[in-house]
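Structural overview
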Amino acid sequence: MQKFVGVDYFNIESLLSEDEKMIRDSVRDFVSAEIIPIIEKYNRDGQFPHQLIEKMADLGLFGVTLPQEYSCAELNNVAYGLIMQELERGDSGVRSFVSVQSSLVMYPIYAFGSEEQKDYWLPLLAQGRRIGCFGLTEPDFGSNPSGMITKAQKVQDGYTLNGAKMWITNGTIADVAVVWAKLNGVVTGFLVEKGMNGFTAPEMKGKLSLRASVTSELIFDNVFIPEKNLLPKTEGLKNALMCLNQARYGIAWGVVGSMMACYDAALNYAKSRIQFGKPIASFQMTQEKLVLMLTEITKSQLLNLQLGRMKDNGTLKHYHVSLAKRNNCDKASEIAILAREILGANGILDEYPVMRHLANLESVKTYEGTHEMHTLIIGEDITGISAFE
Amino acid sequence: MKIAVCVSHVPDTATKIKINSEGKSIDPIGVTFVVNPYDEYAIEEALKTKEKFGGEVFAISVGGEANKETIRKALAMGADNGILLKDNNERDSFAVAKALAEEIKLIGCELVFMGKQSVDYDNSITGQLTAEMLGYSCITTVVDLEIDNQKVIAEREIEGGREVVESELPVVITAQKGLNEPRYASLKGIMAAKKKVIEEKPAFSVENVSEIIKMYSPPAKNPGRILGTDSSAVPELVRLLREEAKVI
Ligand SMILES: Cc1cc2nc3c(=O)[nH]c(=O)nc-3n(C[C@H](O)[C@H](O)[C@H](O)COP(=O)(O)OP(=O)(O)OC[C@H]3O[C@@H](n4cnc5c(N)ncnc54)[C@H](O)[C@@H]3O)c2cc1C
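Here we summarise the structure given alongside this text. Since this is a predicted model, take the numbers as computed values, not measurements.

Here is what the cut-offs are and how they apply
- Residues numbered from 1 in each chain as written.
- Chains lettered and ligands numbered in written order.
- Predicted model: local features only at pLDDT ≥ 70, side-chain atom pairs only at ≥ 80, totals over all residues.
- Heavy atoms only, no water.
- Helix = DSSP H or I, 4+ residues; strand = E, 2+ residues; numbered from the N terminus.
- Buried < 20%, exposed > 50% of the residue type's maximum accessible area, 1.4 Å probe, protein only.
- Contact = heavy atoms within 4.5 Å.
- Lys, Arg positive; Asp, Glu negative; His and termini not counted.
- Charge placed at Lys NZ, Arg CZ, Asp CG, Glu CD.
- Pairing = 2+ DSSP bridges.
- Core = buried A, V, L, I, M, F, W, Y, C linked by side-chain atoms within 4.5 Å.
- Near = heavy atom within 4 Å.
- Areas by Shrake-Rupley, 256 points an atom, 1.4 Å probe, with all protein chains shown as cover.
- Nonpolar A, V, L, I, M, F, W, Y, C, P; charged D, E, K, R; others polar.

Along its length, chain B carries six helices and 13 strands. Viewed in the frame of its principal axes, chain B has a C-alpha envelope of about 65 × 45 × 40 Å. Taking all 248 residues of chain B together, the buried fraction comes to 42%. For chain B, long-range pairs separated by at least 24 residues make up 70% of all intrachain contacts whose partners lie at least 6 apart in sequence. Side chains of chain B carry 31 positive and 39 negative charges; the gap between the two charge centres is 4 Å.

Glancing now at the pairing of strand E1 (residues 132-135) of chain A. Residues and elements named next belong to chain A. Burial along E1 is two-sided: Gly132 and Phe134 facing one way and Cys133 and Gly135 facing the other are all buried. Here E1 pairs with strand E4 (residues 176-183) via four bridges, running parallel. Each bridged residue has a counterpart across the sheet, and for Gly132 the counterpart in E4 is Val176.

With 109 residues, the main nonpolar core has Met56, Leu87 and Trp180 of chain A as its most contacted residues. If you look at the next biggest cluster of nonpolar residues, it comprises 33 residues, including Leu210, Tyr269, Leu343 and Leu358 of chain A.

Right, let's get into the site of the ligand. All names here are of chain A. The environment of the ligand is made up of 18 residues, and the closest members are Thr137, Ser143, Trp167, Thr370 and Glu372. Out of a free accessible area of 980 Å², the ligand has 67% covered by protein chains. Of all the secondary structure elements, the ones that give two or more residues to the shell around the ligand are strand E3 (158-169), helix H9 (354-366) and helix H10 (371-383). When grouped by side-chain class, the residues that make up the shell around the ligand number nine nonpolar, seven polar and two charged.

Listed below in structure tokens is the structure:
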């Protein structure tokens, strides 16, 4: 196979710093050598490639924006975004693993945890010696997490937790779950550890999307949570939403990786597939599809870069992230569908990455706020009227 | 132990090469340059050796400003020091080796790693020349290496097999694919490399001993022909291989 050299029609490369480029290239090489050759098999078998955890940790991919004192690389947000983009060119499931570990587990421990919690958990999570998950969604509360029914009750030396979470990435394989539950009516974060009495995390089966990622239920049946496992700086749903904002930022970048993988596959295929005596790339309708793909990739790349620079200079607002997440996920799906069309029947085979990305993107479009919810977040910002609260 | 690893900055083998109109050099516009792939094995072996015995790794490159990118990559992988021996003019292998040898002598490295060849000019000679100029032993095309005190035992790839040779420090080792699995530059390594300074000095001045007279691309290949996609095409394929290509 030809070496992947990226898609960069507008020399966006020239807007990146030397180290941003080096970081991207290092992760790009890693993805080409370690993820792409194995991922179809894991996706087909519905398994997460566990052997990648240590390799990704050695590369330093977990919690990349957090300080070096916790064994993290302390990169800027553009570098973090580029890493997500490269990982998702491999697979959305693998990118999800890293997103959850970094943005939904390490970030809340860093931002809302006690010094002891940070000192204990962050280095272990950074080195991949512990795995985390994030439990917000419940069977009956998805887009509307404020209605959650999982509840914590104060008891001596701690809390008892009751309820259930659903759709939790990494749940079954996690050593620690950042769980959001109502304590006296206020959404509060808890660190629930594997093996605590009454806590189980069965894997959800039958997914036709994000198959190389573990998705689980978390069930809490009178689980005793010691006082030291409460995230002390959480004081409502807004803290959970702050985590989502980090992860959504990563998704906005990540899906550009899927777009590039699909475009690359479609372009190469179109140039080599002969019908009516010519490459199908010579037909105007095929060219139009390829041009649409390239256009949307370029727009998303520019959107992301500015998003990242704003995050780095502190001017980013949650609705900016919503706009990028919403747009990029939507366009990524559109690109995957067009790529599938260009590949004809071959497009449905897992010999090519397109169908896997197409299926994965259905999850990516849904989690961390559906397309519709992000529409309403931006709608609320520009009109001053909330359509959902 | 002071360890040198000599790294060259070469066009990515995946990029299309265009030759300048004067026909003696390549047009670098639009060409992506990378660390010479064989040098990555050399870097990895230098780092492994340092991790085992302690010491310092010096990544040295001869060439222009752009070579810093390759030195930076070696630093990101874990080399301690980077040195650019600057010369913007094309050097032949002899002149490159001379510059390297002078610098290695100055630093006092007793172990030198290089790639077995650079994938740009493919001369496969810089390691041997450098060793000769330094008066060091040289073991080329190494696929396995063991160092024990002053003793060096290396397995080399030879036509159709392997041979094991023994030598002593100081030595120049040229790395072949298979010697090791080069590590990825980790994110922390990349950030740490940013803080390391690349020392820059003029390359030892010496005349080239060879001159490029002409450079040209191989003749374009004729496009392939598809005779069919199932077994019915086999007889025709056999006929053409026999009568047209004359290979069977
Ligand atoms: C593979 C996967 C992994 C996941 N991982 C995690 C995880 O790690 N942690 C976690 O907490 N959650 C996770 N989720 C859950 C995810 O965040 C939710 O699925 C998502 O928030 C949507 O919730 P829902 O599925 O209950 O859909 P619902 O909220 O029931 O929505 C159904 C449909 O109704 C629409 N809708 C709902 N309300 C409105 C409205 N007011 N106006 C217009 N349309 C509306 C939605 O947009 C959607 O189209 C994951 C989901 C998937 C698929």
